[in-house]
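Structural characterization, general
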Amino acid sequence: MHCSNFSGSGAILGADIPGQTIIGENNVIGHYAVVGVKCQDLKYKTGDECFLHIGRNNEIREYCSIHRSSKSCDCTVIGDNNLIMGSCHIAHDCKIGKHNIFANNTLFAGHVVVEDCTHTAGAVVVHQFCHIGSYSFLGGGSVVTQDVPRYTMVAGDRAELRGLNLEGLRRNGFSDQEVRRLRKAYQKVFMPTVTSESSFEDRLAELEREIELSESPAVSCMVKSIRMSFDQGRRGICKFRRWSSS
């Protein structure tokens, strides 16, 4: 651990097991946080080298738990400039990006991927192997069992798409024009008219063919995020309601 880090009383950093916990500069680790200990995965084999890499400028508050990987060929990763509030849990082999905010009692199961600039409200639970796209928002008490596309907002048990994360987009400097394009794209894909007989795949393909929207970097990123969620081994995306408003 770099000497410019601060750890509160009772914090446990690392464990007496093979492997490494690497912590970058300017991190704050709160009271009684547990960082870099053995994973809670029955597939772990005693003696395996397991790893945790934490970047720079993270605030990891009291009673958080962040575990090492479950096997030597993988690594739990926390990027830079994240705020991880009290009693959050980040399990083995998770990959967390940059500039994320996780409110109290956000729980990530193993192998979850969180991109950049996401925000969770309190008491959020994310199923193993889910992907949480950049600039998304997870409402309080959400149980997320499938992927959350970039720029969107989900809530509920089981979590459903509730529109775009408009406030997050504005706070992160997206232009009015880009937000309008994202809203139009969201409506085309997730809010078909009652009389529409087009399938989800048809609507996605139609959006990709529309020049004005397909030339928008943000729309392209959202479509790519949705497409990747249906790749082999992925969980698909959270369900959506026709009446959702973006």
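I will try to describe carefully the structure that is included in this document. This is a predicted model, so every value here is computed, not measured.

How each quantity is defined
Throughout, a residue's number is its position along its own chain's written sequence, starting from 1. Totals for whole chains, interfaces and linings use all residues, but because this is a predicted model, local features are given only for residues with pLDDT of at least 70 and pairs of side-chain atoms are given and counted only at 80 or more. For the side-chain quantities, the full set of heavy atoms in the structure was used; hydrogens and water were omitted. Counting from the N terminus, the helices are DSSP H or I runs at least four residues long and the strands are E runs at least two residues long. Only C-alpha atoms enter the radius of gyration; for comparison, a globular chain is expected to reach 2.2 Å times N to the power 0.38, where N is the number of residues. Relative accessibility thresholds used throughout: buried, under 20% of the residue-type maximum; exposed, over 50%; partly exposed, between the two (1.4 Å probe, protein chains only). Whether two residues touch is decided by their heavy atoms; if any such pair falls within 4.5 Å, the residues are in contact. Computed with a 1.4 Å probe, the accessible areas rest on the Shrake-Rupley method; for each residue, only the protein chains presented here act as cover. The charged-residue count follows a simple rule in which Lys and Arg add positive charge and Asp and Glu add negative charge, with His and chain termini not counted at all. For charged residues, the charge sits on one atom: NZ in Lys, CZ in Arg, CG in Asp, CD in Glu. Angles shown run from 0 to 180 degrees and are taken between the N-to-C directions of axes, each axis being a line fitted to C-alpha atoms and, for helices, limited to the stretch in contact. Should an angle fall under 35 degrees it is taken as roughly parallel, and over 145 as roughly antiparallel, whereas 65 to 115 is taken as roughly perpendicular and any remaining angle as oblique. By convention, the crossing between two helices is left-handed when the near helix turns anticlockwise from the far helix through less than a right angle, and right-handed when the turn is clockwise. Polar here means any residue outside two lists: the nonpolar Ala, Val, Leu, Ile, Met, Phe, Trp, Tyr, Cys and Pro, and the charged Asp, Glu, Lys and Arg; Gly therefore counts as polar. Expected helix span is computed as 1.5 Å times (number of residues minus one). To obtain the arc, one takes the directions from the helix axis to the C-beta atoms. Pairs of strands are assigned from DSSP output, requiring at least two bridges between the strands. Whether a set of points on the 1 Å grid over the protein atoms alone is a cavity depends on a 1.4 Å probe fitting there but being unable to get out, while an open set qualifies as a pocket with protein on both sides within 12 Å along at least five of seven lines; lining residues are those with an atom within 4 Å of a point. Grid points are joined across faces, edges and corners, and a volume is the space filled by probe spheres set on the points.

1. Topic: the overall build of the protein chain
On a plain count of helices and strands, the protein chain comes out with five helices and 23 strands. Computed over C-alpha atoms, the radius of gyration of the protein chain comes to 19 Å, within 12% of the 18 Å expected from 2.2 N^0.38 for 246 residues, which places it in the range of a compact globule. Counting over 246 residues, the protein chain shows a buried share of 49%. Long-range contacts, defined as pairs at least 24 residues apart, comprise 37% of the intrachain contacts of the protein chain with a sequence gap of at least 6. Accessible surface, the protein chain: about 11,600 Å² in total, of which carbon and sulfur atoms supply 51%. The average position of the 28 basic charges and that of the 27 acidic charges among the side chains of the protein chain differ by 3 Å.

2. Here's the deal with the packing of helix 3 (residues 200–209) against helix 5 (residues 217–228)
Relative to each other, helix 3 and helix 5 sit at 150 degrees, their axes nearing to 11 Å. Classed by the angle they form, the pair helix 3 and helix 5 counts as roughly antiparallel. Like other packed secondary-structure pairs, helix 3 and helix 5 cross with a definite hand, here left-handed. Residue-level contacts link Phe 200, Glu 201, Leu 204, Ala 205, Leu 207 and Glu 208 of helix 3 to Val 219, Val 223, Ile 226 and Arg 227 of helix 5. Tallied by class, residues from the contact of helix 3 with helix 5 come to seven nonpolar, no polar and three charged.

3. Points about helix 2 (residues 176–190)
Turn by turn, an α-helix covers 3.6 residues, leaving residues three or four places apart pointing in a common direction. Here helix 2 spans 21 Å end to end across 15 residues, near enough to the 21 Å set by a 1.5 Å rise per residue. Of all the residues in helix 2, the buried ones are Glu 178, Val 179, Leu 182, Ala 185, Tyr 186, Val 189 and Phe 190. Down the axis of helix 2, the buried side of the element spans an arc of 125 degrees, and every buried residue falls inside it. Away from its buried face, by an angle of more than 90 degrees, helix 2 presents the exposed residues Asp 176 and Arg 180.

4. Section: the sheet that holds strand 19 (residues 137–138)
Taken in spatial order, the ten strands make up an open sheet running 1-4-7-10-13-16-19-21-22-23, and their pairing is mixed. The outermost strands of the open sheet, each flanked by one partner alone, are strand 1 (6–7) and strand 23 (239–240). Where strand 7 (residues 59–60) meets strand 10 (residues 83–84), two bridges bridge the pair, whose relative direction is parallel. In the sheet register, Ile 60 faces strand 10, and the bridge partner there is Ile 84. Its contacts with the sheet place helix 2 against strand 21 (152–155), strand 22 (160–164) and strand 23, and it is angled at close to 150 degrees to strand 22.

5. Description of the pairing of strand 6 (residues 50–54)
Most of strand 6 is tucked away, with four of its five residues classed as buried. Across five bridges, strand 3 (residues 19–23) lies against strand 6 in parallel orientation. What sits directly across from Gln 20, in strand 6, is Phe 51. The sheet contact formed by strand 6 and strand 9 (residues 76–78) spans three bridges and is parallel. Within the sheet, the bridge partner assigned to His 53 lies in strand 9 and is Val 77.

6. Structural notes on the layout of surface pockets
In this structure, the largest pocket occupies an estimated 220 Å³ of space. Around the largest pocket, the lining residues are His 99, Ile 101, Cys 117, Thr 118, His 119, Phe 137, Asn 165, Glu 167, Gly 168, Arg 171 and Asn 172. Per-element accounting of the lining of the largest pocket gives the leading share, three residues, to helix 1 (residues 166–171). Residues that form the lining of the largest pocket fall into these classes: three nonpolar, six polar and two charged.

Interpretation note: all reported values are geometric properties and have no functional meaning in isolation.
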